[in-house]
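# Reading the structure
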Amino acid sequence: MSLLSVSASGSGQVRAVTLWGGASAVGAAAGPLVGGLLVDGTGWQGLFWIDAAIALACVPVTLRGVAESKDPDRSRSIDFAGTVLIATVLAPALLALSEGAQWGWTSAQVLGCFALAAAAAVAFVAVERRVEAPSSTCGC
């Protein structure tokens, strides 16, 4: 959506966003039906093959039709601390949520996972407030 907004202006931008919205609506409506037919016909593995085919079709169209959107003034550094801290937030939180019923929601393991995730979240916010480009955790 952001690439569409940047690459077009005026009525072209309205048309691009409208087409994007229409494609999203058609996909949301037809997706379960097409997915069900695909699974019935090919098994669940067919869902992954259709994604690969769609990606192969979209890559050349994107390369030809979408302008580069890099910001030359943006920092190119990778936020390693932010990356490690967000992983430290997510991993124990997801572990606690997925195993909480089996371990017991008030067990030491679950509470410890949530405590670690909370501490990492506080550290993440503290670190990101001091980083030059906090959104550059991907290094792109």
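Before reading further, recall that the structure is shown in the block above.
Reading the values: rules and limits
- Residues numbered from 1 in each chain as written.
- Predicted model: local features only at pLDDT ≥ 70, side-chain atom pairs only at ≥ 80, totals over all residues.
- Heavy atoms only, no water.
- Phe/Tyr/Trp six-rings, centres within 6.5 Å; stacked < 30°, edge-to-face > 60°.
- Buried < 20%, exposed > 50% of the residue type's maximum accessible area, 1.4 Å probe, protein only.
- Helix = DSSP H or I, 4+ residues; strand = E, 2+ residues; numbered from the N terminus.
- Expected span 1.5 Å × (residues − 1).
- Contact = heavy atoms within 4.5 Å.
- Axes fitted to C-alpha atoms, helices over the stretch in contact; angles between N-to-C directions.
- Parallel < 35°, antiparallel > 145°, perpendicular 65-115°, else oblique.
- Left-handed = near helix turned anticlockwise from the far one by under 90°.
- Nonpolar A, V, L, I, M, F, W, Y, C, P; charged D, E, K, R; others polar.
- Bend = angle between axes of the 7 residues up to and from the residue.

## Some thoughts on the packing of aromatic side chains
Throughout the structure, instances matching the rule amount to one aromatic pair. Both rings, one in Trp44 and one in Phe48, keep their centres 5.8 Å apart while their planes meet at 90 degrees; by these two values the pair is edge-to-face. Under the relative-accessibility criterion, Trp44 is labelled exposed at 52%. According to the relative accessible area criterion, Phe48 is exposed, its value standing at 55%.

## Some words on helix α5 (residues 108–130)
Its 23 residues give α5 an end-to-end C-alpha distance of 33 Å, which sits within 8% of 33 Å, the value for a rise of 1.5 Å per residue. Three or more residues of α5 are buried, namely Val110, Cys113, Ala117, Ala120 and Glu128.

## Regarding the environment of Trp103
Here Trp103 is to be found in helix α4 (residues 80–103). Overall, Trp103 belongs to the partly exposed group, its relative accessible area being 30%. Setting aside chain neighbours within four positions, we find Trp103 in contact with Leu95, Gln109, Val110 and Cys113.

## Thoughts on the packing of α4 against α5
Two elements in contact, α4 and α5, have axes separated by 8 Å at closest approach and are oriented at 160 degrees. One way to sum up the angle between α4 and α5 is to call them roughly antiparallel. As for how α4 packs across α5, the hand of that crossing is left-handed. Class assignment of the residues belonging to the contact of α4 with α5 gives a composition of 20 nonpolar, four polar and one charged.

## Concerning helix α3 (residues 45–65)
Its 21 residues place the ends of α3 31 Å apart at the C-alpha level, agreeing with the 30 Å of an ideal helix rising 1.5 Å per residue. Bending of α3 peaks at approximately 25 degrees at the position of Cys58, with proline Pro60 no more than four residues after it.

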